[in-house]
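A look at the structure
These are the residues of each chain, in order.
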Amino acid sequence: MELQNTVKEALNALYHHPDDAVRMQADRWLQDFQRTIDAWQVADNLLHDASSNQETLIFCSQTLRSKVQRDFEELPSEAFRPLRDSLNTLLKTFHKGTPKVRTQISLAVAALAVHVPADDWGDGGIINWLRDEMNSHPEFIPSFLELLRVLPEEVFNYKIAARPDRRRQFEKELASAIETALNILTACLNINELKEQVLEAFASWLRLRHRVPASALSSHPLVLAALSSLNSEILSEASVNVISELIHYTAARNSGGVSSQLPLIQVIVPQVMNLKPQLRDPSKDEEDIKAIARLFADMGDAYVELIATGSDESMLIVHALLEVASHPEFDIASMTFNFWHNLQMILTERESYTSSGNETSIEAEKTRRLQVFSSSYESLVSLVTFRVQYPQDFSDLSTEDQKDFKQTRYAVADVLIDGALVLGGEPTLKILYMKLVEAINHCGKDQHSDWRPAEAALYCIRAISDYVSDTEAEVMPQIMSLLPKLPHQPQLLQTVCLTIGAYSRWLNAASSGLSFLPSLIDILVSGMSMCEDSAAAAALAFRHICNDCKKKLCGSLDGLFQIYQTAVIGEGPFKVSAEDSLHLVEALSMVITELPSEQAKKALEAVCLPSVAPLQEMINQGPLVLGQKTARELTVHFDRLANIFRYVNHPEAVADAIQRLWPIFKAIFDVRAWDMRTMESLCRACKNAVRTSKRLMGVTIGAMLEEIQGLYGQHHQPCFLYLSSEVIKIFGSDPTCANYLKVLIESLFSHTACLLTKIQDFTSRPDIADDCFLLASRCIRYCPQLLFPSLVFPSLVDCAMVGITVQHREASNSILNFLSDIFDLANSTQGESCLSIRDSVIIPRGPTITRILVACLTGALPSSRLETVTYALLALTRAYGLKALEWAKECVSLIPSTAATELERTRFLQALSDAASGANMNNLVVPIEELSEVCRRNRTVQEIVQGALRPLDLNIVAVS
C-alpha cells in the first residue's frame with residue numbers, strides 16, 4: 001500500500017508540481033520503479049482500484065505492458081495463469097474506459113502470448129481462447145477485437161524479449177489459427193457499429209502475409225465488406241487499409257505469382273478503377289481524395305512489373321496515376337513518384353528483358369515498351385514542372401515550410417530524371433525549353449516582373465543536365481543565349497548560376513561553347529556580387545566551369561586570377577563567404593594544372609600569395625601575438641592552401657611550394673601546437689601536399705615528420721597521427737625510408753599506448769584512439785615489416801583490447817578493423833613473413849580477445865556495431881581455427897543457461913566452426929545475430945551476460 005501511495009504522489013508531482021526539478025526527480029523515480037519486481041503487483045493493484053485517476057491508470061497500464069514485454073522472465077512459471085486472468089479482467093473492465101489504457105492492456109496480453117507457447121496457454125492457444133471469451137461475454141467484444149487486431153502486429157515487435165525460436169513459433173501459431181481469426185471477424189461484421197474495428201483487425205492479419213488462397217479471399221465476406229464500403233458516401237479508412245493490404249498481399253514475394261492471385265486481382269482492380277472520377281470531384285473531402293490516390297499508388301507499386309508490359313489494361317492504371325500526379329496538392333501527387341521511378345528502372349534496365357531471347361529481340365522489346373510509355377512520361381514531365389515554382393509569399397513562410405518547399409523541388413527533380421531516362425535527355429530538354437520560352441515571354445527585363453516561372457523552368461533544365469548529350473546542338477545554344485537576358489533577381493540569378501555550372505561539360509564539348517564563356521562568366525561575377533546565396537551558387541558554378549573547360553581557359557588566367565583575388569581578399573563588392581571561396585581556390589588550381597611546368601610554378605606562387613602574405617605578417621609580429629590570434633584567422637588561409645595543394649596536379653611545383661613555405665608552417669607548428677583547430681587545418685594542408693608531391697618532397701618530408709613526432713609527445717593532437725597515416729601510405733614500402741618511419745611509428749604508438757591505459761581514457765579521447773588505430777591499420781597494409789617486429793606491437797594490441805568496448809562509433813570501429821587486419825594478415829603478400837611474430841603476440845591473448853569480442857556481440861557494444869564485431873570474430877576464427885574454437889567454447893560456457901540455451905550456444909559455435917572450415921561468411925551471420933539478440937533481450941539478461949564475460953577485465957581465467 002505504501003508503494004502504491006508513493007506511485008500516486010510521484011505521478012501527481014510529475015503532472016502538477018510547478019517546480020521543474022521536482023518533476024524531473026519524480027520522472028526519474030517512476031522510471032526506476034518500473035524496473036523493479038514490485039512494479040508488477042503495484043501496477044496490477046492500481047489498475048484494479050476503482051479510485052485510481054486517469055494519470056495513474058495510463059501509467060500503470062504502460063508499466064504492466066512494458067513489464068510483460070521486457071521482464072516476463074522475472075516471474076515464476078506459476079504466475080502466468082493469475083497474470084492472464086488479471087489482464088483478461090482488466091480488458092473487460094476498460095471495454096468502455098480510456099482507449100489508451102485498453103490498448104496498453106491489449107498489447108500486454110499479446111506480449112504474453114508471444115512469450116507463452118500455445119500448449120501452455122491452454123484452451124488451444126490464444127485465438128481459440130479469445131473466441132471462447134467472445135462467445136461467453138459478447139458485451140466485451142470491442143475490447144477483444146482490439147486484442148485480435150494487435151496480435152499479428154506483435155509478431156514483429158522486437159521490444160518483446162522473446163527468444164528468436166519462440167518468436168518464429170508464435171508466428172506459426174498465428175498462421176495456423178488464421179482461419180479461426182477470420183471467422184471471428186466475419187461473425188462480428190453483423191454488428192454494424194463494429195464494422196470499422198473489424199476491418200482494421202482484418203488489415204492487421206493480412207499484413208502477416210500468410211497465404212489464404214486468392215479464390216477464397218476473392219469471395220470472402222470481409223473482402224466484400226471492404227469493397228462495398230468503397231462505394232459508400234463516406235469513405236471508410238479501415239476499408240481503404242484493407243484494400244491496400246490486399247493489393248500488396250497479391251504482389252507479395254511468397255504469393256505464388258500473378259496467375260495464382262488473379263481471382264483476387266480481378267475483384268480488386270475494377271473496384272479501385274471505378275473510383276477514378278472521384279479524383280476530380282470537387283465535393284469530395286481532401287482526406288477521401290488522399291485515400292483514393294493511395295489505392296492507385298499502391299496498385300502502381302504492387303503491379304509495376306505487369307504494368308511495364310504496356311498492355312491496354314495496364315495503361316488504364318497509368319492514366320489514373322497521371323490523374324493523381326496532376327492533383328494540385330503535392331502530398332497527393334507525390335504518392336505516385338515511387339511508381340514512376342520503379343517503372344523507369346524496369347523500362348531502362350537490361351535485366352528486365354532477359355526473357356525476351358537474343359540481343360535483337362531484347363532491343364526490339366525495349367524500344368516497343370519505351371515507345372508505349374513515352375507519351376505518359378511526356379505528360380508527367382509537363383505536369384510536375386509547375387510544382388518547383390517559388391510561392392508568391394516564399395519569404396513570409398516559416399523556416400519549416402521553406403525547408404518543405406526545397407524537399408518538394410528535390411523530389412520533382414528526381415521525377416524529371418526518371419522522365420529523361422525514359423524519353424532521353426534531348427526530348428525532355430525540348431519540353432522544358434518550351435516552358436522556359438513561355439515563361440520568358442511573360443517575364444519582363446526588370447526585377448519587378450514575375451521571375452518565378454522562368455526560375456522554375458531553369459531549375460528543371462538544370463535537374464536533367466547529366467542526361468543531356470554534350471554535343472546537343474539544337475536547344476542548348478538557345479538556352480545559353482537567353483541566360484544573359486534574364487533579370488538579376490536574387491533567386492533567379494542563383495538558379496541561372498547553378499544551371500551554367502551544371503552544363504559546364506556541354507560548354508567544353510560543344511562547338512559554340514567557347515563563344516558563350518565570356519558572357520556566362522560575367523553572369524557569375526554578377527552572382528558573386530548580388531547576395532550570399534547567389535555568390536555561393538556562382539562560386540560553385542565557377543569551379544565546375546574551370547574544371548571542365550580548363551584547357552579553354554588557360555589563356556584567360558589573368559582575368560580569372562582577378563576574380564579569385566577579389567573574392568579571396570574580400571575587399572571588392574563580392575559576397576563570397578570564406579567557405580565558398582574554396583570553390584574559387586579549387587577552380588583556379590584546376591586551370592593551373594593545365595599549364596606547362598614553369599608557368600605552373602609561377603601561377604602556383606601567385607595563387608598561394610593571398611594566403612601566405614597574411615600568415616607571414618602574423619609570424620612577423622612575434623610568437624606572443626601569433627599565440628593570441630583566433631584559430632579562424634589562421635585556418636581560413638590553411639584551408640585555402642590545403643585545397644591548392646590538392647587540386648594543382650603538378651607534383652614538382654607543389655613540392656617546391658611546400659619547401660618554400662616550410663619555415664612559415666614550422667613557425668606555426670611551434671607556437672600553436674596546443675590549438676587543435678589550427679593544427680587540423682595545417683595538417684590537412686601538409687597531407688594534401690604529401691599526397692600530390694609524393695616522393696618529390698625531398699628533405700621537407702623529413703623536417704615535417706621530425707616536427708610532428710616531437711610535438712605529439714607534448715600535445716597529443718590526433719591530426720599528427722592522421723598526417724603520419726598519409727606518409728605511411730606513400731612512403732611505407734620505400735626501403736630508403738624504413739629506419740625513419742620505424743622510429744616515427746614507435747614514437748607515436750608508444751606515446752598513445754601510455755595515454756590510453758583504461759576505458760575512461762578512450763571515452764575522453766576517442767579522436768586519438770580513432771586516428772591511432774587507423775594509422776596502425778595503414779601500417780599493416782603498407783609496412784607490416786616495420787610494425788610487427790617492433791617492440792610497440794604487443795602494447796598496441798593490449799591497448800586495443802582495453803578500448804574495444806568504447807562507445808564512440810568511429811573509435812570502436814577503428815580498433816575492431818585494426819584487429820581484423822591483424823587476423824587477416826595471411827591475405828596480404830607483404831604480411832606473410834610476419835605471421836610467426838603476429839602469432840606469438842595474439843595466441844597468448846587469444847582467449848581474452850575472444851571473450852571481449854563475444855561480450856561486444858552480446859551487449860558491451862550497441863547492436864549497430866554487430867557487423868564489424870562479427871567480422872572480427874570470424875576473421876579470428878579463420879586465422880586460428882581449432883584454437884579459436886576452443887577459446888570461443890571457453891567463453892560461451894561463461895554465459896549462464898538462463899541467458900542462452902544450450903541449443904543457442906551450440907548453433908553459435910557451429911557457425912564459428914563453419915567459418916574455420918572456410919564457409920561463406922554470409923551464411924554464418926544468423927546464429928551469431930541470434931545469440932546477440934537473445935543476450936540483449938532485456939536489461940537484466942544483458943547485465944547477467946556482461947557480468948559473466950567482464951569485457952573490461954583483461955585477466956580473468958575461464959572456469960568450465
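This one's a predicted model, so the numbers in the text were calculated from it and none came from an experiment. (Residues numbered from 1 in each chain as written. Predicted model: local features only at pLDDT ≥ 70, side-chain atom pairs only at ≥ 80, totals over all residues. Heavy atoms only, no water.)

Thoughts on the overall build of the protein chain
Looking only at helices and strands, the protein chain has 51 helices and 0 strands in total. Within the protein chain, residue pairs in contact and separated by at least 24 positions form 73% of the contacts whose partners lie at least 6 positions apart. Both charge centroids of the protein chain, one from 86 positive and one from 115 negative side chains, sit 4 Å from each other. (Helix = DSSP H or I, 4+ residues; strand = E, 2+ residues; numbered from the N terminus. Contact = heavy atoms within 4.5 Å. Lys, Arg positive; Asp, Glu negative; His and termini not counted. Charge placed at Lys NZ, Arg CZ, Asp CG, Glu CD.)

Side note on a nonpolar patch on the surface
Side chains of Val 258, Leu 262 and Leu 306 sit close together on the surface and give an oily, nonpolar patch of about 210 Å² of accessible area. Considering the arrangement of structural elements, one finds Leu 262 in helix H16 (residues 258–273). (Patch = residues over 30% accessible without salt bridge, like charges linked within 9 Å, V, L, I, M, F, W, Y side chains within 5 Å. Areas by Shrake-Rupley, 256 points an atom, 1.4 Å probe, with all protein chains shown as cover. Salt bridge = Lys/Arg side-chain N within 4 Å of Asp/Glu carboxyl O.)

As for unusual backbone geometry
Positive phi, close to 50°, is recorded for Lys 694, a residue that is not glycine. With respect to the helices and strands, the residue Lys 694 is situated in the loop between helix H38 (676–693) and helix H39 (699–715). Residue Lys 694 is classed as partly exposed on the basis of its relative accessible area of 43%. (Buried < 20%, exposed > 50% of the residue type's maximum accessible area, 1.4 Å probe, protein only.)

A short note on empty space enclosed by the protein
Counted by the stated rule, this structure contains 4 cavities of 30 Å³ or more. If you add up the space inside the largest cavity, you get close to 50 Å³. In this structure, the largest cavity is lined by Pro 164, Asp 165, Glu 904, Arg 907, Pro 927, Glu 930 and Leu 931. For the lining of the largest cavity, the secondary structure elements donating two or more residues are helix H10 (164–176), helix H49 (902–916) and helix H50 (925–935). For the lining of the largest cavity, the leading source of residues is H50, giving 3 residues. (1 Å grid on protein atoms, 1.4 Å probe; cavity = no way out; pocket = protein on both sides within 12 Å on 5 of 7 lines; lining within 4 Å. Points joined across faces, edges and corners; volume = space filled by probe spheres on them.)

With respect to the nonpolar core
Counting 344 residues, the largest nonpolar core has Trp 340, Phe 645 and Phe 665 as its most contacted members. With 14 residues, helix H48 (residues 866–892) is the largest single contributor of residues to this core. In contact with Phe 645, other than residues within four places in its own chain, are Cys 608, Val 654, Ala 657, Ile 658, Leu 661, Phe 665, Ala 685, Asn 688, Ala 689 and Thr 692. (Core = buried A, V, L, I, M, F, W, Y, C linked by side-chain atoms within 4.5 Å.)

Comments concerning the UniProt feature "domain: Importin N-terminal" (unreviewed entry) in the protein chain
In the numbering used here, UniProt assigns the "domain: Importin N-terminal" (unreviewed entry) feature to residues 26–93. Note that residues 26–93 is 76% helix and 0% strand, and that its end C-alpha atoms are spaced 29 Å apart. (UniProt positions renumbered as here; feature names shortened; annotations may be inferred.)

Digging into the pattern of salt bridges
Inspection of every chain in the model, using the stated rule, returns 56 salt bridges. A salt bridge links Lys 601 to Glu 598; the shortest N-O distance between them is 3.9 Å. Here Lys 601 pairs with Glu 598, and both are found in helix H34 (residues 597–620), just 3 residues apart, close to one helical turn. A salt bridge links Glu 886 to Lys 889, with the shortest nitrogen-to-oxygen separation between them at 3.8 Å. Of this pair, Glu 886 and Lys 889 both sit in helix H48, separated by 3 residues, roughly a single helical turn. Exposure remark for Lys 889: the relative accessible area of 44% places this residue in the partly exposed category. Each member of the salt-bridge network shares a partner with another, and the members are Arg 102, Glu 146, Arg 149, Glu 153, Arg 207 and Glu 245.

Focus on helix H36 (residues 631–647)
Along an α-helix, residues three or four apart share an orientation, since each turn contains 3.6 residues. With 17 residues, H36 ought to run about 24 Å at 1.5 Å a step, and its terminal C-alpha atoms sit 24 Å apart, in line with that. The element H36 is extensively covered by neighbouring structure, given that 14 of its 17 residues are classed as buried. (Expected span 1.5 Å × (residues − 1).)

Considering the packing of aromatic side chains
The geometry of two aromatic rings is summed up by the distance between their centres and the angle between their planes. Enumeration according to the criterion identifies 19 aromatic pairs in this entry. An aromatic cluster is present here, built from Tyr 390, Phe 394, Phe 405 and Trp 451 joined pairwise through their rings. Arg 409 extends its terminal NZ or CZ atom over the ring of Tyr 459, reaching a point 4.0 Å from the ring centre. (Phe/Tyr/Trp six-rings, centres within 6.5 Å; stacked < 30°, edge-to-face > 60°. Lys NZ or Arg CZ within 6 Å of the ring centre and 35° of its normal.)

Quick notes on the environment of Leu 514
Relative to the elements of secondary structure, Leu 514 occurs in helix H29 (residues 513–530). Residue classification places Leu 514 among the partly exposed positions, given a relative accessible area of 46%. Between the C-alpha atoms of Leu 514 and Lys 729, which are 215 residues apart in sequence, the distance is 41 Å. When near neighbours in sequence (up to four residues on either side) are disregarded, Leu 514 contacts Leu 507 and Lys 552.

A word on helix H15 (residues 237–251)
Taking 1.5 Å per residue as the helical rise, H15 with its 15 residues ought to reach 21 Å, and the 22 Å between its terminal C-alpha atoms agrees with that figure. For H15, the buried fraction is high: 12 of the 15 residues fall into the buried class. The inward-facing, buried residues of H15 abut helix H12 (195–206), helix H13 (214–218), helix H14 (221–230), H16 and helix H17 (286–302).

What about the environment of Ser 52?
On the secondary structure map, Ser 52 appears in the loop between helix H3 (38–48) and helix H4 (54–71). Accessibility expressed as a relative area gives 10% for Ser 52, which makes it buried. Along the primary structure Ser 52 and Lys 8 are separated by 44 residues, whereas in three dimensions their C-alpha atoms are 8.6 Å apart. Apart from residues no more than four positions distant in its own chain, Ser 52 is found in contact with Leu 46 and Leu 57. One polar contact links the side chain of Ser 52 to the main-chain carbonyl oxygen of Leu 46, over a distance of 2.7 Å. (Polar contact = N/O pair within 3.5 Å; in protein donor to acceptor, adjacent residues only side chain to side chain.)

Details of the side chain of Ser 218
Relative to the elements of secondary structure, Ser 218 occurs in helix H13. Residue Ser 218 is classed as buried on the basis of its relative accessible area, which comes to 14%. Here the side chain of Ser 218 touches Ser 215 through a polar contact of 2.8 Å, landing on its backbone oxygen. When residues no more than four places from it in sequence are discounted, the contact partners of Ser 218 are Leu 224, Pro 263, Leu 264 and Val 267.

Brief notes about the packing of helix H21 (residues 337–348) against helix H22 (residues 359–384)
Direction vectors running N to C along H21 and H22 enclose 150°, while the axes themselves pass 11 Å from each other. The pairing of H21 with H22 is recorded here as roughly antiparallel in orientation. In this structure, H21 meets H22 at a crossing whose hand is left-handed. Contact residues: H21 offers Phe 337, Trp 340, Leu 343, Gln 344, Ile 346, Leu 347 and Thr 348, while H22 offers Lys 366, Arg 369, Leu 370, Phe 373, Tyr 377, Leu 380 and Val 384. Residues that form the contact of H21 with H22 fall into these classes: 10 nonpolar, 2 polar and 2 charged. (Axes fitted to C-alpha atoms, helices over the stretch in contact; angles between N-to-C directions. Parallel < 35°, antiparallel > 145°, perpendicular 65-115°, else oblique. Left-handed = near helix turned anticlockwise from the far one by under 90°. Nonpolar A, V, L, I, M, F, W, Y, C, P; charged D, E, K, R; others polar.)

A look at the packing of H4 against helix H6 (residues 99–115)
Running from N to C, H4 and H6 point in directions that differ by 10°, and their axes come no closer than 8 Å. Here H6 runs roughly parallel to H4, going by the angle between their axes. By crossing handedness, the relation of H4 to H6 is classed as left-handed. On H6, the residues that touch Leu 57, Ile 58, Ser 61, Gln 62, Arg 65, Val 68 and Gln 69 of H4 are Lys 100, Val 101, Gln 104, Ile 105, Leu 107, Ala 108, Ala 111, Leu 112 and His 115. Per-class residue counts for the contact of H4 with H6 are 9 nonpolar, 5 polar and 2 charged.

Looking at the confidence of the model for the protein chain
Chain-level statistics for the protein chain give a pLDDT mean of 92 and a share of 99% at 70 or above. Mean pLDDT values for the elements of the protein chain range from 86 in H13 up to 97 in helix H46 (residues 809–823). (pLDDT = per-residue confidence, 0-100.)

What about the state of the cysteines?
This model, assessed by the stated rule, comprises 0 disulfides. Its sulfur unpaired, Cys 549 is 8.1 Å from the next cysteine sulfur, which belongs to Cys 546. There is no disulfide at Cys 935, and the cysteine sulfur nearest it, in Cys 891, is 11 Å away. (Disulfide = S-S within 2.5 Å.)

Quick look at a negative patch on the surface
A contiguous patch of negative charge on the surface is contributed by Glu 196, Glu 237, Asp 285, Glu 286, Glu 287, Glu 329, Asp 331, Glu 400, Asp 401 and Asp 404. Secondary-structure elements contributing two or more residues to the negative patch are H17 and helix H23 (399–423). Note on placement: Asp 285 falls in the loop between H16 and H17. The partly exposed category is assigned to Asp 285, whose relative accessible area is 43%.

Considering the environment of Leu 227
Examined against the element boundaries, Leu 227 turns out to sit in helix H14. Owing to a relative accessible area of 3%, Leu 227 belongs among the buried residues under this scheme. The residues touching Leu 227, leaving out its near neighbours within four places in the chain, are Ile 243, Val 267, Ile 268 and Gln 271.

Remarks on the side chain of Thr 56
Mapped onto the elements of the fold, Thr 56 is located in helix H4. With a relative accessible area of 4%, Thr 56 lands in the buried category.

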